[in-house]
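# Reading the structure
Spelled out from the first residue to the last, the chains are:
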Amino acid sequence: MSKIIVLKCVGHNPKDFELDEAVAVQFGCIKDLFHSDFDAESKIVVDVPMKFNSYIIGRILEFCSSRASFSSDRAYWEQDFFHPCREPNQRKRKELIAIMEASEYLGMESLVELTTQSLANYLKGKNPLTIRSLWKVEGDLTAEEEAKALAMGVAKLGH
Amino acid sequence: MAGWLGRRRQRQRRKKTRHRKTKRAKDARGDFISSMPDEILHHILSFTVTISAIRTSALSRRWRHLWRELTSLYIHDFGPQARGINQILTHYTAPKIMSFHLGIYNDNHSTAQINSWIEFAMSRRVQDLSLTFFNHRKYTFPDFFNLSSSIEQLSVKLRDRHMIPGATVSWESLRNLSLRRCRIRDESIVKIISGCPKLEFLALYYCGLFNCLDLSKSLSLTRLEMKHYPWRSRSTKIIAPNIHYLRLKTSDTCNLVDVSSLTEAYLDIGIDGNFSFSVDYLLTMVLKMIAKLQNVERLTVSKTVLQILSVAEIRRFPFRVLRVQTLIVKIKFVRSAIPGTAWLLQNSPGLKKLIVHTTDKGRMMDDKYVGSYLNSQGLKLDKYWRLKYGAFPTSCETYSMRSKDSTWKLLASFIECLLRNTKTLETLVVWLGGSDFNAKLFKGLLRMVPTLSDNTNVSIMLKLSNC
């Protein structure tokens, strides 16, 4: 008897996703369900919290069946799903954060790491001004405070 | 007409206000990253180096003090920044450090400075400590470094300098230890092993001086990795009755005295570019090691090991039975590697799964070298080799074959050769990577796979690897 897990998404666009075993075992929180004895039902319904809408879950499931989830190389992730440099769109970045949170909830460590690293790449090695314009952060520090923050950690000998 | 003009103007005005409203609405949705909770921002910042995290403190008030509570510090020092590092550590406020990574690139810093940084990390009960010294000539580890109850993971990378000066070692909670290019004597190894009662994983990469690794008293150590440089011949002895996993890269005798609990092994032979090795010597060595790995369930072999085993196949060396169930081979489709694969299959009567990775990584012996060795053995072995495995190009010829048909023929010959040498195989997975295969070629090859599976019960899968 093959078990089917159903992810039930509520909210703006309610949708039910049916997962087969190969996909469901990638989710840490669902993996255990396959190992317990559910003789009575072969179908288990998991309710997904409202803040994760069906689009995000759909994207995660897309990832699970793509080659990016089988390889530990970031190249596939960046080619098929999200390359930081090619996504200047604020909406896409918001989607990335939503995927990160949802995969954290579902217990999918590999995806959490991929998404967090993509987000971190936006902050890595960048000038605060660049980051501000990218993420629309409002700078509310005084000039002095800002100068002090920028000088931290980069003091040269003799200064 | 006036009415029509008036209505037109009204429509235009309405369009403008609508546009303005949506623009404002978009801006209002603007800064959502700052509104995320601290834990999530900390998590994101922990994936960057500390200097980048510190720069975010210039973004806004919300970000100003975030970096101070980060539990991981990753400091890669590129210049004379001792004062900078001191400044960072002074302002850092988190009471506990989960991971501290320090990379020192030059030897401008005094030993006392570096010791103060290590002490800082240890005083905050660091769990994962990683120290890399790229060039430092004068540094010696302090005694307090050898005593810690909080460190669970330790990684030290040196440039062939001595590691433990000789004091007692007590790393009570240490589970993973990785040492690279550290010179450690036998006595120091003993001290380390006895001072880490909870050690589970030990990696010694290119470490010199020791000859014997006795892990019999380490009951929790189950994974061991050891790599040696090919140009420094050193024979080592491993006594490890409790390990389950062994990864070995060596080019000299490695005497596996006791590896009775081993279930998984990865064997690699390093050869240097000058080809100053003797094939006979390597052959004896590899056969002895494989004899010790007889009972392993999951075995991985590198390209050079395949080449050496090819010699065993061509010279018809008899062998005892391997109990391996899953075999993983790293290969390039050259003539000198194919017989070795056949040899492994012939000697593994219980083999269920075979995973093949074609890759360019790792040095291989030149086929000319193997050919001239076979010639020197007499018995027309070179001719036999060419006859039986002529479908496969030698390493000098591979560059000329690039067409889809020739690649397909090669792959098909390889798979045919595999299936001929095994009776029990259930699954065959071939990861095509390296310069011979690309995505376009791969799609064409995939279409031809069903023709291979026609005559066999083995489930054959082709996958594209990007290595």
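Residues numbered from 1 in each chain as written. Chains lettered and ligands numbered in written order. Predicted model: local features only at pLDDT ≥ 70, side-chain atom pairs only at ≥ 80, totals over all residues. Heavy atoms only, no water.

### Describing the overall build of chain A
Secondary structure assignment for chain A yields eight helices and three strands. Looking at chain A residue by residue over its 159 residues, the buried ones come to 43%. Considering only contacts within chain A whose residues lie at least 6 apart along the sequence, 59% involve residues at least 24 apart. With the model as given, the accessible surface of chain A reaches about 8,900 Å², and the carbon-plus-sulfur share is 53%. (Helix = DSSP H or I, 4+ residues; strand = E, 2+ residues; numbered from the N terminus. Buried < 20%, exposed > 50% of the residue type's maximum accessible area, 1.4 Å probe, protein only. Contact = heavy atoms within 4.5 Å. Areas by Shrake-Rupley, 256 points an atom, 1.4 Å probe, with all protein chains shown as cover.)

### Observations concerning the sheet that holds strand S9 (residues 212-214) of chain B
Residues and elements named next belong to chain B. Taking strand neighbours across the sheet as the criterion, the three strands line up as S9-S11-S13 in an open arrangement whose pairing is parallel. Whereas interior strands pair on both sides, the edge strands pair on one side only; in this sheet they are S9 and strand S13 (254-258). Recorded for the sheet is a direction-independent mean angle of 15° between the axes of neighbouring strands. (Pairing = 2+ DSSP bridges. Axes fitted to C-alpha atoms, helices over the stretch in contact; angles between N-to-C directions.)

### Here's the deal with helix H9 (residues 303-314) of chain B
Residue and element names in this part refer to chain B. In this model, H9 (12 residues) spans 17 Å end to end at C-alpha, consistent with the 16 Å of a helix rising 1.5 Å per residue. Counting buried positions over the 12 residues of H9 gives 12, a clear majority of the element. Turning to H9, its buried residues are Lys-303, Thr-304, Val-305, Leu-306, Gln-307, Ile-308, Leu-309, Ser-310, Val-311, Ala-312, Glu-313 and Ile-314. (Expected span 1.5 Å × (residues − 1).)

### Thoughts on unusual backbone geometry
With glycine set apart, most residues show a phi of negative sign, and most peptide bonds adopt trans. Residue and element names in this part refer to chain B. Backbone geometry at Tyr-206 places phi at a positive 55°, although glycine is not the residue there. Within the secondary structure, Tyr-206 is located in the loop between strand S8 (201-205) and S9. Within the chain, Arg-316 stands out as a residue other than glycine whose phi angle is a positive 55°. Note that Arg-316 resides in the loop between H9 and strand S16 (326-331). A relative accessible area of 60% means that Arg-316 is categorised as exposed.

### Some remarks on the sheet that holds strand S3 (residues 43-48) of chain A
All names here are of chain A. Spatially, the three strands line up as an open sheet ordered S2-S1-S3, and their pairing is mixed. This sheet does not close on itself; its edge strands, each paired only once, are strand S2 (15-19) and S3. Going across the sheet, the axis of each strand differs from the next one's by a mean of 25°, ignoring polarity. Direction of pairing for strand S1 (residues 4-9) relative to S3: parallel, over a ladder of six bridges. The partner of Cys-9 across the bridge, within S3, is Val-48.

### Some points on the pairing of strand S5 (residues 153-162) of chain B
All names here are of chain B. Note: strand S3 (residues 128-133) against S5, five bridges, orientation parallel. Bridge pairing in S5 places Leu-131 opposite Val-156. In the sheet, S5 pairs with strand S7 (residues 176-183) via seven bridges, with the strands oriented parallel. Residue Leu-154 lies in a different strand from S7, and its bridge partner there is Leu-177.

### Brief notes about the confidence of the model for chain A
All names here are of chain A. When the pLDDT values of chain A are averaged, the result is 76; 80% of them are 70 or greater. The element-level mean pLDDT for chain A is lowest in helix H2 (residues 28-35), coming to 70, with helix H6 (residues 109-123) highest at 86. Low pLDDT (under 50) marks residues 155-159, which in the prediction has nine contacts with non-local residues, meaning those over four places away or in another chain. (pLDDT = per-residue confidence, 0-100.)

### Details of the packing of aromatic side chains
Across all of its chains, the model carries 12 aromatic pairs over all chains by this definition. Between Phe-133 of chain B and Phe-141 of chain B, the ring centres sit 6.0 Å apart and the planes meet at 80°, which makes this aromatic pair edge-to-face. The exposure class of Phe-133 of chain B is buried, given its relative accessible area of 4%. Residue class for Phe-141 of chain B comes out buried when judged on its relative accessible area of 5%. Connected via pairs of aromatic rings, a cluster forms that spans Phe-133, Tyr-139, Phe-141, Phe-145 and Trp-171 of chain B. A cation over a ring is seen here: Arg-93 of chain A above Tyr-122 of chain A, with NZ or CZ 5.3 Å from the ring centre. The lysine or arginine in question, Arg-93 of chain A, covers the ring of Trp-135 of chain A, its NZ or CZ lying 4.9 Å from the ring centre. (Phe/Tyr/Trp six-rings, centres within 6.5 Å; stacked < 30°, edge-to-face > 60°. Lys NZ or Arg CZ within 6 Å of the ring centre and 35° of its normal.)

### Digging into the pattern of salt bridges
All names here are of chain B. Under the counting rule described, the total for this entry stands at 13 salt bridges over all chains. The partner of Arg-181 in a salt bridge is Asp-160, and the shortest N-O contact between them spans 2.7 Å. Of this pair, Arg-181 sits in strand S7 while Asp-160 sits in strand S5, and the two are 21 residues apart along the sequence. The exposure class assigned to Asp-160 is buried, which follows from its relative accessible area of 18%. (Salt bridge = Lys/Arg side-chain N within 4 Å of Asp/Glu carboxyl O.)

### What about the packing of helix H11 (residues 367-376) of chain B against helix H12 (residues 381-388) of chain B?
Residues and elements named next belong to chain B. Where H11 contacts H12, the two axes come as close as 7 Å, and the packing angle between them is 130°. If you check the angle between H11 and H12, you find them oblique. Contacts between H11 and H12 involve Asp-367, Val-370, Gly-371, Leu-374 and Asn-375 on the former and, on the latter, Leu-381, Asp-382 and Trp-385. Among the residues forming the contact of H11 with H12, the class breakdown is four nonpolar, two polar and two charged. (Parallel < 35°, antiparallel > 145°, perpendicular 65-115°, else oblique. Nonpolar A, V, L, I, M, F, W, Y, C, P; charged D, E, K, R; others polar.)

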